[in-house]
Structures are given as C-alpha cells and as structure tokens.
Amino acid sequence: MRYLFVLLTMLMAAARADDAKPFDPSDYPPAVQKALRYAHEECESQGGGAVSFAPDTVRKIDLTGDGRDDYIVDFRDTKCGEREGIYCGTGGCLLDILVARPDGSVRAVFDGYVRSYSIVAPPMKRGAARTVRFDLHGSYCGGFGSQACVKERAITATPFEFKKP
C-alpha cells in the first residue's frame, strides 16, 4: 500500500511538471517586454550566449492599490549562457518595478540593484498602496557593502530611486 501511495505521488508530481508553462516574454505588456529585452542586450554586449529566464522572473501583483496588475521583474535567476554575474553583483540583482496606469499603459517606477525584497502585509485601508521592503547594499545607508541597509517604499505611479548619502 505504501508503494502505491509513493507511485501515485510521483505520477501527480510528474503531471504537474508537464503542465508547467515555459516563460514567455510575449505574455506581458510592452513595457515589461522592454525590461526583459534588456537582459538579451546586456548578455549580448558581454559576449554571453542564450538568455534563459526563471519561471518566476515576472511577478504580477497590485502594488498601487488601484485594482490593476503591476509587475516586478526580478533578474536574480536569469542566466546569460555560461556567464555569471551579468545581472547580479555585490549590490544585489537587478529589479524593475512597473505599474499600470489608468490608460492601460505600464510605466517603470524603479530600476536598480537590490539584495532582496519583500512585500509588506496588505494595508488595512482599501485601495492603499502596498509597501515593499528592500534589502540594499550598505552604502545606501552610509555604510559599506555587507552592512545591513533596509529601506521601505510605498509603491505609487511616481518613479523613485535610492541614493547614497
């Protein structure tokens, strides 16, 4: 009986893996596709090979609280042939945040390197912007590389960047 259960579990996992859809940049709006094209351009300029995106490279989530999908493009697991370090460095990995506008277009509001990010719990007020917590290179907080530097930002349609003191 135990072997039958293990066999059924393995078959179900294999079926789910077959259903997994490969990453396709054309599934996203033009502004997101432009951010993804950067990966190809940068890889080519560095003499790399083919670019491969992780299935979770693009995350759709309403960040601004307006009910429309916004996008987080995280290049952490993007590969450029055999070359490492194209999209990541000591300051983290390239991250783009793009928000949907009322006219249906999508606009980039952040483009920078972050070590990691997390989305803070949804706000209690309906329609309020979500806050993102960024783990940055220590120099953004007046320190040096390995020092902790955490900054939070409510995501709106206004572009932002982190500046070093």
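Our subject is the structure that appears above.
These numbers were taken from a predicted model, which means no experiment stands behind them.

Undergrad: Can you walk me through the packing of aromatic side chains in this structure?
TA: Here a ring pair, both rings aromatic, is described through the centre-centre distance and the interplanar angle of the planes. Taken as a whole and judged by the stated rule, the model has 11 aromatic pairs. Arranged with centres 5.5 Å apart and planes meeting at 45 degrees, the rings of Phe110 and Phe134 form a pair that is tilted. In this pair, Phe110 sits in strand β7 (residues 106-114) while Phe134 sits in strand β9 (residues 131-135), placing the two residues 24 residues apart along the sequence. Accessibility classification places Phe110 together with Phe134 in one group, the buried group. Taken together, the ring pairs connect Phe23, Tyr28, Phe53 and Tyr71 into an aromatic cluster.

Undergrad: Even after reading the chapter, I still don't get the state of the cysteines, so can you show me in this structure?
TA: Linking two cysteines covalently through their sulfur atoms gives a disulfide. Inspection of the entire model under this criterion finds 3 disulfides. Disulfide partner of Cys141: Cys149, at an S-S distance of 2.0 Å. Judged by the torsion about the S-S bond (70 degrees), the Cys141/Cys149 disulfide is right-handed. If you count the bonded cysteines of the chain from the N-terminus, they pair up as 1-2, 3-4, 5-6.

Undergrad: Explain the pattern of salt bridges here, please?
TA: Inspection of the entire model under this criterion finds 4 salt bridges. When the shortest N-O distance is used, the salt bridge between Asp66 and Arg68 registers 2.9 Å. Taking the shortest distance from any N to any O, the salt bridge between Asp74 and Arg76 comes out at 3.9 Å. Under the relative-accessibility criterion, Arg76 is labelled partly exposed at 31%.

Undergrad: Mind showing me how you'd approach the sheet that holds strand β10 (residues 150-154) here?
TA: The strands making up a sheet are joined through hydrogen bonds of the backbone, oriented either antiparallel or parallel. Here we have 3 strands laid out as an open sheet, ordered β8-β9-β10, and antiparallel in their pairing. What marks the edges here is a single partner per strand, and that holds for β8 (116-119) and β10. Going across the sheet, the axis of each strand differs from the next one's by a mean of 20 degrees, ignoring polarity. Relative to β10, β9 runs antiparallel, the two being bridged by 5 bridges. In the strand pairing of β10, Asp135 is matched with Val150.

The rules behind these values
- Residues numbered from 1 in each chain as written.
- Predicted model: local features only at pLDDT ≥ 70, side-chain atom pairs only at ≥ 80, totals over all residues.
- Heavy atoms only, no water.
- Phe/Tyr/Trp six-rings, centres within 6.5 Å; stacked < 30°, edge-to-face > 60°.
- Helix = DSSP H or I, 4+ residues; strand = E, 2+ residues; numbered from the N terminus.
- Buried < 20%, exposed > 50% of the residue type's maximum accessible area, 1.4 Å probe, protein only.
- Disulfide = S-S within 2.5 Å.
- Salt bridge = Lys/Arg side-chain N within 4 Å of Asp/Glu carboxyl O.
- Pairing = 2+ DSSP bridges.
- Axes fitted to C-alpha atoms, helices over the stretch in contact; angles between N-to-C directions.

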